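Letter by letter, the chains look like this.
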Amino acid sequence: QAIAYMAWPADDFFADTRRARATQVMSDILKLRLLDELREKQGATYSPSVGYVASQTWTGYGYLAASMEAPPALMDGFFRDVAKIAADLRDTPVTADELARAKTPRLDALEKAKATNEYWLGQLTGAQTDPRRLAATRSVTAQVESVTAADVQAAAQRYLRDDKAWKLVVRPK
C-alpha cells in the first residue's frame, strides 16, 4: 500500500471562531464526499481521512488535510478526486442534506461530550488566563448550528485553493 496526503494552510481558531466552526463543517462534508467517491464508488480505499486543525495556541497556525491508504497506482487518482471535490465545494453551495449530515453528528457528539469531565477539563484549561476560551466554549453549539451552505462555500473558497495545496505520496520500496 501507499499513502497519499494533501493539505492546505488555514487560520488559527481565534482569528474567527465562527469561520473555524464553518471550516470544520466543510471538512466533514469533504470527508463525506471522499467516502462516497473513494470507498463507495471506486472501492479504492475503505477509510479516507480528512482532518482540520485550527490552533488555539499559535496565531496563524491551522491546516486542512485529506489522505488515503491504497495501492500505489491509485495515488494520482486520489489527488484528482480531491481537487475535483474541492472545486465543487468552492463553486457550488452544498445541499441541505449534506449540511445536515455534517452538522448533526457533530452536534450530537458535542452534547454527549458535554456530559463528561474530560470535555470540560479540555475546554476550560487556560480559560482563567485567556477569556476567549470560555467564550468559545459557550458559543460552540450556536455557532455550529448557524453554519449555512454559504459559510461552507466561503470556507472552501478561502482554504481549498489549488495554488496552496501541498501533496505527499509515500510509496513502498
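Draft legend 1. Structural detail: the overall build of the protein chain. Within the protein chain, the regular secondary structure consists of 6 helices and 4 strands. Overall, the protein chain shows an N-to-C arrangement of helices and strands of β-α-β-β-α-α-α-α-α-β. Its C-alpha radius of gyration of 17 Å places the protein chain within 12% of the 16 Å reference for a compact globule of 173 residues. Seen through its principal axes, the protein chain has C-alpha atoms that stretch 50 × 35 × 30 Å. Split into buried and exposed, the 173 residues of the protein chain put 44% on the buried side. The contacts of the protein chain with a sequence gap of at least 6 include a subset with a gap of at least 24, amounting to 79%. Separation of charge centres in the protein chain, based on 24 positive and 22 negative side chains, amounts to 3 Å.

Draft legend 2. Local environment of the layout of surface pockets. The volume enclosed by the largest pocket comes to roughly 440 Å³. Phe13, Arg21, Gln24, Arg106 and Val140 are, among the 18 residues lining the largest pocket, the residues nearest its centre. At the level of elements, α1 (17-41), β2 (49-54), α3 (96-113), α4 (117-124) and α5 (131-146) are the ones that each hand at least two residues to the lining of the largest pocket. The greatest single-element share of the lining of the largest pocket, amounting to 5 residues, is contributed by α5. Of the residues contributing to the lining of the largest pocket, the split by class is 11 nonpolar, 4 polar and 3 charged.

Draft legend 3. A look at the pattern of salt bridges. The full count for this structure, using the stated rule, is 15 salt bridges. For Asp11, the salt bridge identified is with Arg19, shortest N-O distance 3.1 Å. Given a relative accessible area of 23%, Arg19 falls into the partly exposed group. For Arg33, the salt bridge goes to Glu98, with nearest N and O atoms at 2.6 Å. Highlighted residues: Arg33 in helix α1 and Glu98 in helix α3, separated in sequence by 65 residues. Neither Arg33 nor Glu98 differs from the other in exposure class; each is buried. When salt bridges with common partners are traced through the structure, they connect Asp11, Asp16, Arg19 and Arg158 into a single cluster.

Reading guide: rules and limits
- Residues numbered from 1 in each chain as written.
- Predicted model: local features only at pLDDT ≥ 70, side-chain atom pairs only at ≥ 80, totals over all residues.
- Heavy atoms only, no water.
- Helix = DSSP H or I, 4+ residues; strand = E, 2+ residues; numbered from the N terminus.
- Rg over C-alpha atoms; globule rule 2.2 N^0.38 Å.
- Buried < 20%, exposed > 50% of the residue type's maximum accessible area, 1.4 Å probe, protein only.
- Contact = heavy atoms within 4.5 Å.
- Lys, Arg positive; Asp, Glu negative; His and termini not counted.
- Charge placed at Lys NZ, Arg CZ, Asp CG, Glu CD.
- 1 Å grid on protein atoms, 1.4 Å probe; cavity = no way out; pocket = protein on both sides within 12 Å on 5 of 7 lines; lining within 4 Å.
- Points joined across faces, edges and corners; volume = space filled by probe spheres on them.
- Nonpolar A, V, L, I, M, F, W, Y, C, P; charged D, E, K, R; others polar.
- Salt bridge = Lys/Arg side-chain N within 4 Å of Asp/Glu carboxyl O.

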